[in-house]
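# Close look at the chain arrangement
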Amino acid sequence: MTVTADAPIRLSRKLNTGRILVFGLAYMLPLAVFTSFGYATAATNGHLAGSYIVTTIAMLATASSYAQLVRAYPVAGSAYTYTRGAFGSHLGFLVGWALLLDYLLLPMLSYILIGQYLSAVVPAVPQWAWIVGSIVVVTVLNLIGITIVTSVNLALVGAQILFVAVFVIAGLASYAGDQRGAGLLDPFWSATADVPHLAAGAAILALAFLGFDAVSTLSEEAKEPKRSIPRAIILTTLIGGLIFTLAAWVAGLVFPDYKHLSDDTASIDLMVRVGGAVLSGLFTAAFVAGSFASAMASQASVARILYAMGRDRMLPRTVFARVSARFRTPWITILILAALGLLALVVPLDWVFQMINFGALMAFSFVNLSVIKHFLIDRRQRGGRAIWLFLVLPIIGFAMTAWLWTSLAPLAFWIGIPWVVVGLIYLLGLTRFFTRRPPTMDFSEEDPALAPEEEPARTPAPLG
């Protein structure tokens with residue numbers, strides 16, 4: 001089909017609610033409860049399930065804010081888009097910049113975990129080889145397109161949920177056959193529990209819920225974004241929170257003597273106690289598969305955030321806003337992210353955990369405030385339903401996410417604050433010390449054309 005040279009190439013709308021939900025769950029990694037099991041259990045003083053309850057409540061309130069704002073701004077961009085719309089481009093840029101730290105590091109987290117687990121299973125292959133190989137596979141799948149990613153993730157998410165079910169059944173059987181003194185409610189609250197420890201644990205666990213933010217970045221690839229995206233956001237948060245809490249509860253029953261857990265091998269120790277070497281081997285396979293799914297989803301999501309910022313000229317448009325004529329994916333951005341993923345070869349895992357949570361909780365707080373600003377102040381919506389959706393829930397979400405943010409370890413601020421300062425310096429240069437306005441986001445659903453030098457004379461047939 002022949003078209004004019006200035007015809008736009010748009011992101012392909014192929015995703016329904018089910019596929020978007022799978023994308024969000026893959027991003028969250030249903031087995032993420034075991035990723036930081038030893039570290040988070042120690043931080044909660046043995047009450048990991050209780051911290052998951054706190055985090056889930058905070059994230060559901062924040063997810064409600066996302067669900068409301070995606071109807072107002074059905075375009076790619078996540079918290080960056082919503083804060084810009086409510087508070088202006090300057091603050092929107094800084095919130096987006098803070099959240100970028102999380103998105104840039106999430107694939108790296110998956111690569112590190114894949115390397116650690118596979119090198120332990122196959123010591124003959126060095127960890128760096130597993131990391132580089134996983135980066136190549138994830139990048140190729142994302143270059144092909146979002147439909148391929150969600151199709152692959154469907155199988156990987158299913159495998160993880162199946163494993164969680166097996167773990168819960170085996171864990172309860174182990175607890176019933178050999179009780180070690182833990183009461184049924186002890187993983188939530190016991191005589192040794194206190195609010196500061198629950199808050200410290202909940203702050204660590206917040207990174208597990210980034211999947212609902214990732215869902216909002218698919219607005220321009222959803223068939224009915226104003227309907228399917230809000231549903232998927234709420235369902236992703238609720239289902240993920242239930243899975244995490246259930247697994248953490250069973251783990252607390254089976255392994256109440258958490259002080260004997262190692263931060264690095266805690267999940268393996270847990271699996272051996274529940275089901276021996278067989279369950280430990282199954283866990284390794286399911287966890288690695290889940291990490292691949294999370295890496296694919298997280299790379300796809302940050303590519304689309306950078307695409308939105310490039311399209312808005314907040315980043316160089318000729319690089320970040322280019323879309324592949326064949327696959328309709330932001331291919332240059334995906335390749336840049338693959339290069340950044342190589343930092344997984346040198347960055348310590350605990351640094352990644354701390355840095356991810358800093359930007360996530362900061363962004364979540366501003367999204368909750370954006371709901372109040374957009375609907376109650378700007379649009380002046382009133383009534384009982386409006387007060388509940390646009391004031392009460394956002395206040396709950398803001399209060400809880402801000403509380404969790406202040407509960408982060410000092411390392412998070414030592415790294416996060418300089419990152420925000422770098423973003424502020426870049427913004428000062430972009431706006432010539434605030435003497436001119438940054439480019440305005442086009443909130444319509446029309447995607448701009450490629451840069452003139454990149455526009456092809458022909459468009460490809462729609463992907464099937």
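The coordinates are above.
Below, the structure is looked at part by part. Everything quoted here is computed from the prediction, not taken from an experiment.

Reading the values: rules and limits
Residues numbered from 1 in each chain as written. Predicted model: local features only at pLDDT ≥ 70, side-chain atom pairs only at ≥ 80, totals over all residues. Heavy atoms only, no water. Core = buried A, V, L, I, M, F, W, Y, C linked by side-chain atoms within 4.5 Å. Buried < 20%, exposed > 50% of the residue type's maximum accessible area, 1.4 Å probe, protein only. Helix = DSSP H or I, 4+ residues; strand = E, 2+ residues; numbered from the N terminus. Contact = heavy atoms within 4.5 Å. 1 Å grid on protein atoms, 1.4 Å probe; cavity = no way out; pocket = protein on both sides within 12 Å on 5 of 7 lines; lining within 4 Å. Points joined across faces, edges and corners; volume = space filled by probe spheres on them. Nonpolar A, V, L, I, M, F, W, Y, C, P; charged D, E, K, R; others polar. Polar contact = N/O pair within 3.5 Å; in protein donor to acceptor, adjacent residues only side chain to side chain. Salt bridge = Lys/Arg side-chain N within 4 Å of Asp/Glu carboxyl O. Axes fitted to C-alpha atoms, helices over the stretch in contact; angles between N-to-C directions. Parallel < 35°, antiparallel > 145°, perpendicular 65-115°, else oblique. Patch = residues over 30% accessible without salt bridge, like charges linked within 9 Å, V, L, I, M, F, W, Y side chains within 5 Å. Areas by Shrake-Rupley, 256 points an atom, 1.4 Å probe, with all protein chains shown as cover. Expected span 1.5 Å × (residues − 1). Phe/Tyr/Trp six-rings, centres within 6.5 Å; stacked < 30°, edge-to-face > 60°. Lys NZ or Arg CZ within 6 Å of the ring centre and 35° of its normal. Left-handed = near helix turned anticlockwise from the far one by under 90°.

Time to look at the nonpolar core. One recurring pattern in soluble globular proteins: nonpolar side chains tend to sit buried together. By size, the foremost hydrophobic cluster in this structure holds 140 residues, and its most contacted members are Phe34, Leu109, Phe163, Phe167 and Leu270. For this core, the leading source of residues is helix α11 (residues 266-311), giving 20 residues. Setting aside its immediate chain neighbours within four residues, Phe163 contacts Leu31, Phe34, Met271, Leu279, Leu282, Phe283 and Ala286.

Take empty space enclosed by the protein next. What the rule picks out here adds up to 3 cavities of 30 Å³ or more. Considered as a void within the structure, the largest cavity measures approximately 120 Å³ in volume. Contributing to the lining of the largest cavity are 14 residues, with Met28, Leu29, Leu109, Leu207 and Ser294 lying nearest its centre. Considering only residue class, the lining of the largest cavity consists of 10 nonpolar, 4 polar and no charged.

This paragraph deals with the side chain of Asn368. The residue Asn368 is located in helix α14 (residues 349-378) in this model. For Asn368, the side chain forms a polar contact with the side chain of Ser65, separated by 2.7 Å.

Let us look at the pattern of salt bridges. Taken as a whole, this structure holds 1 salt bridge when the rule is applied. A salt bridge links Asp378 to Lys373; its shortest N-O distance comes to 3.0 Å. Judged by relative accessible area, which is 39%, Asp378 ranks as partly exposed. The exposure class assigned to Lys373 is partly exposed, which follows from its relative accessible area of 21%.

Another point: the packing of helix α6 (residues 127-144) against helix α13 (residues 331-341). Taken N-terminus to C-terminus, the directions of α6 and α13 make an angle of 170°; their axes are 10 Å apart at the nearest point. In terms of axis orientation, α6 runs roughly antiparallel to α13. Contacts between α6 and α13 involve Ile135, Thr139, Asn142 and Leu143 from the first element and Trp331, Ile334, Leu335, Ala338 and Gly341 from the second. Looking at the contact of α6 with α13, its residues break down into 6 nonpolar, 3 polar and no charged.

Before going further, it helps to spend a moment on unusual backbone geometry. One non-glycine residue, Arg380, adopts positive backbone phi at about 55°. Mapped onto the elements of the fold, Arg380 is located in the loop between α14 and α15 (384-406). The phi dihedral of Phe433 falls on the positive side, at around 60°, and the residue is not glycine. Mapped onto the secondary structure, Phe433 falls in the segment after α16 (410-430). Here Phe433 falls in the exposed class, since its relative accessible area comes to 64%.

Turning next to a nonpolar patch on the surface. Together, Trp128, Ile336, Leu340, Leu342, Leu343, Leu345 and Val346 line one region of the surface with nonpolar side chains, adding up to about 630 Å² of accessible area. Examined against the element boundaries, Trp128 turns out to sit in helix α6.

With that out of the way, let us pick up α15. Each α-helix winds once per 3.6 residues, and so residues spaced three or four apart point in a common direction. Between the first and last C-alpha of α15 there are 32 Å, a value that for 23 residues agrees with the 33 Å anticipated at 1.5 Å per step. Of the surrounding elements, those touching the buried residues of α15 are α3 (48-72), α8 (195-205) and α14.

A few words now on the packing of aromatic side chains. Using the criterion set out here, one finds 18 aromatic pairs in the structure. A centroid spacing of 4.2 Å and a plane angle of 5° characterise the contact between Phe375 and Phe390, whose relative ring orientation is stacked. Here the residue Phe375 occupies a position in helix α14, and Phe390 occupies one in helix α15, the gap between them amounting to 15 residues. Here Phe375 matches Phe390 in class, with each residue buried. Pairing Trp405 with Phe413 gives two aromatic rings, centres 5.0 Å apart and planes at 75°, and the pair type is edge-to-face. We classify Trp405 as partly exposed; its relative accessible area is 25%. Taking the ring centre of Phe255 as reference, the NZ or CZ of Arg273 above it sits at 3.7 Å. Here Lys373 stacks its cationic end above the ring of Phe87, 6.0 Å away from the centre of that ring.

Of note, Leu235 is situated in helix α10 (residues 225-254). Since its relative accessible area comes to 34%, Leu235 is described here as partly exposed. In this structure, the C-alpha to C-alpha distance between Leu235 and Thr17, residues 218 residues apart in sequence, is 9.7 Å. Once you skip the residues sitting within four places of it in the chain, Leu235 turns out to touch Leu21 and Gly240.

For α13, the full list of buried residues reads Ile332, Thr333, Ile334, Leu337, Ala338 and Gly341. Looking at the buried positions of α13, the neighbouring elements they touch are α5 (89-121), α6, α11 and α12 (317-320).

The next subject is the side chain of Thr56. Residue placement: Thr56 occurs in helix α3. The exposure class assigned to Thr56 is buried, which follows from its relative accessible area of 10%. At a separation of 2.7 Å, a polar atom in the side chain of Thr56 contacts the main-chain carbonyl oxygen of Tyr52. Discounting residues that sit within four places of it in the chain, Thr56 has contacts with Phe209, Gly241 and Thr245.

Turning our attention to the environment of Phe283. Structurally, Phe283 can be placed in helix α11. Residues Phe283 and Ile268, 15 residues apart in the sequence, show an inter-C-alpha distance of 8.1 Å. Beyond its immediate stretch of four places on either side in the chain, Phe283 contacts Phe34, Tyr117, Phe163, Ser267, Ile268 and Met271.

The next thing to look at is the packing of α6 against α11. Axis separation between α6 and α11 bottoms out at 9 Å; the angle between their running directions is 50°. One finds that α6 runs oblique with respect to α11. As for the relative orientation of α6 and α11, their crossing is right-handed in sense. Of α11, the residues touching α6 (which contributes Ser134, Val137, Val138, Thr139, Leu141 and Asn142) are Phe292, Ala295, Met296, Gln299 and Ala300.

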